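Descriptive analysis of the structure
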2 protein chains.
Amino acid sequence: MPFDPQEKPLATLLAPDILDLLEENPSSLAAETEDLHPADLADVAELIPREHVAAFLAALPKARAADVLEYLAEDLRAEVLEEIPTSEAAAMVSQMTPDDRADALETIDEDVADDIVSELPAEARAETEKLRQYDPDTAGGLMTTEFISVSEGATVDEVFASVRAMARSGRKEATYAIYATTTEGRLHGVLSLRELLAAAPGATIADVARTEVVSVTPATDRQEVARITANYDLIAVPVVSESGHLMGVVTVDDVIDVIVQEQTEDVQKMGGMEALDEPYTSIGFWSMIKKRGVWLCLLFIGELFTASAMQGFEEELKRALVLSLFVPLIVSSGGNSGSQATSLIIRAMALGELQVKDWWRVALRELPTGLTLGAILGVLGVFRVVLWQRMGLWDYGEHYWLLAMTVGISVTGVVAFGSMVGSMLPFLLRRLGLDPASASAPFVATLVDVTGLIIYFMVALLLLRGTLL
Amino acid sequence: MPFDPQEKPLATLLAPDILDLLEENPSSLAAETEDLHPADLADVAELIPREHVAAFLAALPKARAADVLEYLAEDLRAEVLEEIPTSEAAAMVSQMTPDDRADALETIDEDVADDIVSELPAEARAETEKLRQYDPDTAGGLMTTEFISVSEGATVDEVFASVRAMARSGRKEATYAIYATTTEGRLHGVLSLRELLAAAPGATIADVARTEVVSVTPATDRQEVARITANYDLIAVPVVSESGHLMGVVTVDDVIDVIVQEQTEDVQKMGGMEALDEPYTSIGFWSMIKKRGVWLCLLFIGELFTASAMQGFEEELKRALVLSLFVPLIVSSGGNSGSQATSLIIRAMALGELQVKDWWRVALRELPTGLTLGAILGVLGVFRVVLWQRMGLWDYGEHYWLLAMTVGISVTGVVAFGSMVGSMLPFLLRRLGLDPASASAPFVATLVDVTGLIIYFMVALLLLRGTLL
């Protein structure tokens, strides 16, 4: 029966029964759960007490356990693989697809991983060692080496027979597409299973394959792979070497995982911390303190300069204490406009809409935008001071109009400055080879706060000299 | 030849040639561009002057133009469809897949859309009218109605023959999976094209189809559809009615678009503004001012309360001006810790790790986290005051230790308060039916700033009464 996962948290329903089975009759577990999706079994494994997870996986057939491992949360999977005997771990991971196997080994202790690899069957070992060499953040680190490639000269009927044989063998090749190679082994065309079905049986693959193949190299960054997949609506992207040889295929399910992971990292960095790399619900207390505390301390140290800036203007504050009343308002305005600008630019960069070379176009755009937004807020600021004075809510003294103008002009300047800093910081970070998403709202606010104070007191010195100052 | 889009901005290279062809020899355009991917042609259309886009599409065969339209940026596509004669628009959109056709009509003027629909062939018109009824943010709004469904009783060979016939007919059914229905038309099973190939020719579909089908209803929110697709590594999700009838299929390419769009909206809201709904690089100046200005004004009005809070403590400021020096430091610390907490919670909610009911678990976690982080920063704050005094960099007076303790304790309290507000605000927004991503760093900072000032001056009154105050 179809079911709707959002209405039935299936794993929560299943977990108690599976736990009972595990204690009372583990040999029946395989048969009792054979109709379930491995993703749901993985959810169950995440819900039951950790000490039972290894026994749960051991009670499943090896191929089934491998499927569940592929869906398991990274940290739990690593724990299990490090805990169970090496031979058992090798038997399980040998059943995984090559890319998932390499991913699983990537996240565990390197010595344990080496031991497991040494116990794999020869072919799987060779494949795994090759894939483990690639940076996990590249196409090489994402790709599977199981794909269907055929010679251009083969006929549709021949290829069809071999695809059928492969499907029946139960191997897990990515059958999204069939790749056609030249006699030298270079990737030259692609066709979908559907296009293969539509083709005349006697035609050669060269006749029917599409020859404009969008591809990436093993070194292509995983974000670029994701962008290409989304742009061309692909369900698999071939990975080719410099010399044009097909080395692997990145499938769309892995691309979705990349998109979601990258986004999680971006959002957390934009919040002004290190990326957690673990779910909020499962990360340990001290890991969380570390990931948040380091940035918070750096930002605090940056903010300490505001105290120095305030000290620099202590004479002015003594003479016109009224100036201190608007300090939080002024500095926060710059931080807010900076936060908007930096979020916009970080996202446009992540979407590939903006490159480093576009910085001056953005600067030319943010300057009038910031000034306009600043002017709007400046008018509100002037209005606030004058309104309170006229309504008798507060007495800013006889020069209240000058004070109102000081607030208004400062807000305009600080907001425009915030927009500029917020929009330029991501470019600067990327230029320095850092992640533009680290240009968090708090980071921008910290940069803007000290300057905001200086702008405010400078405007005050200009406008109020001879009256309040 | 394979090419690597990131190294060759193909559209930029092609645009001038295509523009020349369009002016000199439009009839040859179709043949000259027939090897190009429609996504690249859409990129070209976005690069050439807008007044040529309609002519460019008109020079392509209708089915090809429809493909290009599917990849075109929404605003440009809407402009073109509104500009060209209705009959021509109808001829183009009738060639689009039903889901893309409904999407395209969704974004244009409703009267124009109605005119175009009325000129569609009867079958396409009925399909389109049905799809247009669904909210574009639901599974119904995303699904295509072209899919392969077969009766459970059919044999593998029969189904195979009909899939082949369908592929040859050139229709665009989503052939990712074959859906098996009962005699009453209810969805009962699914099998992939690969599984169909592997099956014995004489078997019935009921024998070989998997019966645990993950499905959604037409009303399922598009974010939930994305979450399910990612969780189960699907490339298509069937959409079934309440009564279990198969109504359509959401394909993975549309899911990726949803994920990317939702992320863009989240990031922009988290930056403290409305979602732009257009690329940063193409949005008009005044639209941008509006999207950013509204929130910026609201935040500014919120921040105005800091001026009132400061006024409330003017007596204390007069007596101990030194307190004003640390005001920006104190308020920004709360904003920063709040920004971290809100980003973490918003993301964990978007990933489905946290539900509204988890609010108290989060509160129980953020309180000790905030207090610990606050204590760390508080120590830094104490250290700063004492160090400056001892090194003779500044004279905070004889009671400098009391001042240092005031700063330290206030920072601890404000940081802990910031974490609480930042983590609870997304829950509150969701509870009110609003988007938790609107709990931006600036929004949280604004909420925390006034309270932060009050905490600071309260601590000062307690510790400094009889000395500085």
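The next point concerns the environment of R347 of chain B. Checked against the element boundaries, R347 of chain B lands in helix 19 (residues 327–350). For the pair formed by R347 of chain B and A437 of chain B, sequence separation is 90 residues and the distance between their alpha carbons is 8.3 Å. Once you skip the residues sitting within four places of it in the chain, R347 of chain B turns out to touch V260, Q263, T264 and V267 of chain A together with Q263 of chain B.

With 135 residues of chain B in contact, the opposing surface of chain A contributes 135 residues. When chain B packs against chain A, the two sides together hide about 12,100 Å² of surface, and 64% of this comes from carbon and sulfur. Of all residues in chain B, R194, Y280 and F300 of chain B give up the largest surface area on contact with chain A, accounting jointly for 7% of the area buried on that side. Joining chain B to chain A, the criterion identifies two salt bridges. For E366 of chain B, the salt bridge is made with R292 of chain A, and the minimal N-O distance between the two is 2.9 Å. The interface formed by chain B and chain A includes 39 residue pairs in polar contact (both at pLDDT 80 or more).

It is worth spelling out the nonpolar core at this point. By size, the foremost hydrophobic cluster in this structure holds 105 residues, and its most contacted members are L323 and F326 of chain A together with L323 and F326 of chain B. Residue contacts for F326 of chain A: discarding those within four places in its chain leaves V385, Y396, L403, V407 and Y456 of chain A together with A307 of chain B.

The next point concerns the relation of the copies chain B and chain A. Laying chain B over chain A is done by rotating through 180° and shifting 0.1 Å along the axis; what remains is an RMSD of 0.1 Å. Seen this way, the second copy is the image of the first under a two-fold rotation axis.

Attention now goes to a negative patch on the surface. All names here are of chain A. Together, E74, E82, E106, D109, E110, D111, D115, E119, D135 and D221 make up a region of like negative charge exposed at the surface. Of all the secondary-structure elements, those providing two or more residues to the negative patch are helix 6 (74–83) and helix 9 (110–118). The dominant element in the negative patch, judged by the number of residues it contributes, is helix 9, at three residues. Mapped onto the fold, D221 is located in the loop between helix 14 (205–208) and helix 15 (222–231).

Right, let's get into helix 15 (residues 222–231) of chain B. Among all positions of helix 15 of chain B, only R222, E224, V225, A226, I228 and T229 of chain B are buried. Of the surrounding secondary structure, the elements contacted by the buried residues of helix 15 of chain B are helix 16 (252–270) of chain A together with helix 11 (139–142), strand 4 (236–240), strand 5 (246–251) and helix 16 (252–270) of chain B. At the C-terminal side of helix 15 of chain B, D233 of chain B shows a positive phi close to 50°.

With that settled, the discussion passes to the packing of helix 16 of chain A against helix 19 of chain B. Contact pair helix 16 of chain A / helix 19 of chain B: the axes reach a minimum separation of 8 Å and the direction vectors enclose 160°. Classified by the angle their axes make, helix 16 of chain A and helix 19 of chain B are roughly antiparallel. The crossing of helix 16 of chain A and helix 19 of chain B is right-handed. The segment helix 16 of chain A lies against helix 19 of chain B, with V260, Q263, T264, V267, Q268 and M270 of chain A engaging S339, S343, L344 and R347 of chain B. By residue class, the composition of the contact of helix 16 of chain A with helix 19 of chain B is four nonpolar, five polar and one charged.

Here we take up the pattern of salt bridges. Across all of its chains, the model carries 30 salt bridges over all chains by this definition. Residue K291 of chain A pairs with D277 of chain A through a salt bridge whose shortest N-O separation is 3.8 Å. Taken together, the positions of K291 of chain A in helix 17 (residues 285–312) and D277 of chain A in the loop between helix 16 and helix 17 put the pair 14 residues apart, joining distant regions of the chain. Residue K291 of chain A is classed as buried on the basis of its relative accessible area, which comes to 17%. Assessed through its relative accessible area of 58%, D277 of chain A is described here as exposed. Between K269 of chain B and D435 of chain B there is a salt bridge, and its shortest N-O distance comes to 2.6 Å. With K269 of chain B in helix 16 and D435 of chain B in the loop between helix 21 (400–431) and helix 22 (441–464), this residue pair connects regions lying 166 residues apart in the sequence. Exposure remark for K269 of chain B: the relative accessible area of 18% places this residue in the buried category. Three or more residues are tied together by salt bridges with common partners; here these are D137, R222, E262 and E265 of chain A.

Parameters and conventions
- Here the residue numbering is sequential within each chain, running from 1 through the sequence in written order.
- All chains are assigned letters beginning at A, and all ligands numbers beginning at 1, according to the order in which they are written.
- Residue-level local features of this predicted model are given only where pLDDT is at least 70; pairs of side-chain atoms are given and counted only at 80 or more, and the full residue set underlies all totals for whole chains, interfaces and linings.
- Water and hydrogen atoms were dropped before computing side-chain values, which therefore reflect all heavy atoms in the structure.
- Helix numbering and strand numbering both begin at the N terminus, where a helix is a DSSP run of H or I of at least 4 residues and a strand a DSSP run of E of at least 2.
- Contacts between residues were defined by any pair of non-hydrogen atoms, one from each residue, lying within 4.5 Å.
- Two parts placed together each lose some accessible area under a 1.4 Å probe, and the buried area is that loss summed for both.
- A pairing counts as a salt bridge when a side-chain nitrogen of Lys or Arg comes within 4 Å of a carboxyl oxygen of Asp or Glu.
- Here a polar contact is recorded for every N or O atom pair within 3.5 Å, except that within protein the pair must consist of a potential hydrogen donor and a potential acceptor, and residues adjacent in sequence are included only if both atoms are side-chain atoms.
- Nonpolar core, defined: a set of buried Ala, Val, Leu, Ile, Met, Phe, Trp, Tyr and Cys residues in which side-chain atoms within 4.5 Å join the residues together.
- Only protein chains enter the calculation, and the probe is 1.4 Å; a residue is then buried if its accessible area is under 20% of its type maximum, exposed if over 50%, and partly exposed in between.
- When the copies are overlaid, the least-squares fit takes in C-alpha atoms only where the residue has pLDDT of at least 70 in both copies.
- Residues with no salt bridge and a relative accessible area higher than 30% make up the patches, which join like charges within 9 Å and nonpolar side chains (Val, Leu, Ile, Met, Phe, Trp, Tyr) within 5 Å.
- Shrake-Rupley sampling with a 1.4 Å probe provides the accessible areas, and residues are treated as covered by the protein chains on show and by no other component.
- None of His or the chain ends enter the tally, which takes Lys and Arg as positive and Asp and Glu as negative.
- For charged residues, the charge sits on one atom: NZ in Lys, CZ in Arg, CG in Asp, CD in Glu.
- Axis angles are defined between N-to-C directions and span 0 to 180 degrees, where every axis is a line fitted to C-alpha atoms and, for a helix, only to the segment in contact.
- Every angle not falling under 35 degrees, over 145, or within 65 to 115 is termed oblique; those three ranges are roughly parallel, roughly antiparallel and roughly perpendicular.
- For any helix crossing, the convention is left-handed if the near helix is rotated counterclockwise from the far helix by under a right angle, and right-handed if that rotation is clockwise.
- Residue polarity is assigned by list, with Asp, Glu, Lys and Arg as charged and Ala, Val, Leu, Ile, Met, Phe, Trp, Tyr, Cys and Pro as nonpolar; anything else, Gly included, falls into the polar class.

Fair warning: the whole summary comes from geometry, so function is off the table for now.
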